[in-house]
Amino acid sequence: MIIAIDGPAGSGKSTVAKLVAQRLGFAYLDTGAMYRAVAWRAVQDGLDLSEPLAASALERIRVIAAEEAIDFGYLPGEPVASQVFIGGQDVSVQIRTPEADRAVSPVSADPGVRQALTSQQRNIGRSRDTVMEGRDIGTVVFPDAELKVFLTASAEERAQRRAIQNAARQGTSFSEQEYERILADIQRRDNYDSSREVAPLAAATDSVELDTTGTTIERVVQQIVDLAGQKQGHKQLGQQRGAE
């Protein structure tokens, strides 16, 4: 079974998807981390990711996506990866920085990059029961996923969540200035991701939309776990009827 969770930046996709995978015993694949890894590698190579991307930069980014192996490290018995590697280098921390936040949108919008990573995502997803999250899992990567969920939340709440996470990660206190910067960045990314020509951010027509504004993570996770149980129950019933 594949559970596809899509939504805008900061909507809680990663946190929710990890917890759902743990509850169900599924594998968790963070597709956003794959694009972030490519973007991080491009930045480290000194590429200018200002929009529009220069042809030379775009060519190099496509090579990175096609030839740099992206792998995930798992602890024994743990469905959620604890490490992200690109070209054998652990970039688990680097891809979660504000620099990576700003770099990932133009990289993930390129058709060549998406084609290279989508193929890898499909191979991983088909190997076992998987929870995937991103921008276009239910519309492009796995349009036939058994369960599709689209998470939303107000831009203000998403910015606050990200500011609190960054402060905790860096061991600092919440900053109103940092919050305003993140809010502006989220609004920019929302506009960019929803209006881009290739795989724009959009809810699949058969997805279940869940607004996480003012809702606890535990409640959202339980809703998805319940939906998965319903889907699995319907599938088993169909198999039983088909065998009769």
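Residues numbered from 1 in each chain as written. Predicted model: local features only at pLDDT ≥ 70, side-chain atom pairs only at ≥ 80, totals over all residues. Heavy atoms only, no water.

Some thoughts on the overall build of the chain
On a plain count of helices and strands, the chain comes out with nine helices and eight strands. Taken against the 2.2 N^0.38 rule, which gives 18 Å for 244 residues, the C-alpha radius of gyration of the chain at 18 Å falls within 12% of a compact globule. In terms of its C-alpha atoms, the chain occupies a principal-axis envelope of roughly 60 × 40 × 40 Å. Classification of the 244 residues of the chain by burial places 47% in the buried group. A sequence separation of at least 24 residues applies to 73% of the contacts in the chain between residues at least 6 apart. (Helix = DSSP H or I, 4+ residues; strand = E, 2+ residues; numbered from the N terminus. Rg over C-alpha atoms; globule rule 2.2 N^0.38 Å. Buried < 20%, exposed > 50% of the residue type's maximum accessible area, 1.4 Å probe, protein only. Contact = heavy atoms within 4.5 Å.)

Here's the deal with the packing of aromatic side chains
Taken as a whole, this structure holds one aromatic pair when the rule is applied. Their ring planes at 40° and their centres at 6.3 Å tell us that Phe174 and Tyr179 sit as a pair that is tilted. Owing to a relative accessible area of 39%, Phe174 belongs among the partly exposed residues under this scheme. Judged by relative accessible area, Tyr179 falls into the buried class, the value being 12%. (Phe/Tyr/Trp six-rings, centres within 6.5 Å; stacked < 30°, edge-to-face > 60°.)

So, the pattern of salt bridges
Under the counting rule described, the total for this entry stands at 13 salt bridges. For Asp136, the salt bridge is made with Arg114, and the minimal N-O distance between the two is 2.6 Å. With Asp136 in the loop between strand 6 (130-134) and helix 6 (137-141) and Arg114 in helix 5 (residues 111-125), this pair connects stretches of sequence that are 22 residues apart. Of the two residues, Asp136 and Arg114, both sit in the buried class. (Salt bridge = Lys/Arg side-chain N within 4 Å of Asp/Glu carboxyl O.)

Examining the pairing of strand 7 (residues 147-152)
The buried fraction of strand 7 is high, at six of six residues. Going residue by residue along strand 7, you find Leu147, Val149 and Leu151 tucked away on one face and Lys148, Phe150 and Thr152 tucked away on the opposite face as well. Pairing analysis gives four bridges linking strand 7 to strand 8 (residues 208-211), with the strands arranged parallel. Looking at the pairing, Leu151 lines up with Leu210 of strand 8. (Pairing = 2+ DSSP bridges.)

Thoughts on the confidence of the model for the chain
Here the chain shows a mean pLDDT of 88. Residues at 70 or above account for 95%. Counted against residues more than four places away or in other chains, residues 237-244, with its pLDDT under 50, gives zero contacts. (pLDDT = per-residue confidence, 0-100.)

Some thoughts on the environment of Leu47
Relative to the helices and strands, Leu47 is located in the loop between helix 2 (31-44) and helix 3 (55-67). Sequence-wise, Leu47 and Asp30 are 17 residues apart; in three dimensions their C-alpha atoms are separated by 24 Å.

As for the environment of Ser14
Among the secondary structure elements, Ser14 is positioned in helix 1 (residues 13-24). For the pair Ser14 and Thr31, spaced 17 residues apart in sequence, the C-alpha separation works out to 9.6 Å.

Some thoughts on the layout of surface pockets
One number sums up the size of the largest pocket: a volume of about 900 Å³. If you go around the largest pocket, you meet 45 residues; those closest to its centre are Ser14, Asp30, Arg96, Glu133 and Arg162. (1 Å grid on protein atoms, 1.4 Å probe; cavity = no way out; pocket = protein on both sides within 12 Å on 5 of 7 lines; lining within 4 Å. Points joined across faces, edges and corners; volume = space filled by probe spheres on them.)

A word on the sheet that holds strand 3 (residues 70-73)
Spatially, three strands are ordered 3-4-5 in an open sheet, and the strand pairing comes out antiparallel. Among the strands making up the open sheet, the edge pair consists of strand 3 and strand 5 (89-90). In this structure, strand 3 lies alongside strand 4 (residues 83-86), joined through four bridges in antiparallel fashion. Looking at the pairing, Asp71 lines up with Phe85 of strand 4. Helix 2 rests against strand 3, strand 4 and strand 5 of the sheet, and its axis sits at about 120° to strand 3. (Axes fitted to C-alpha atoms, helices over the stretch in contact; angles between N-to-C directions.)

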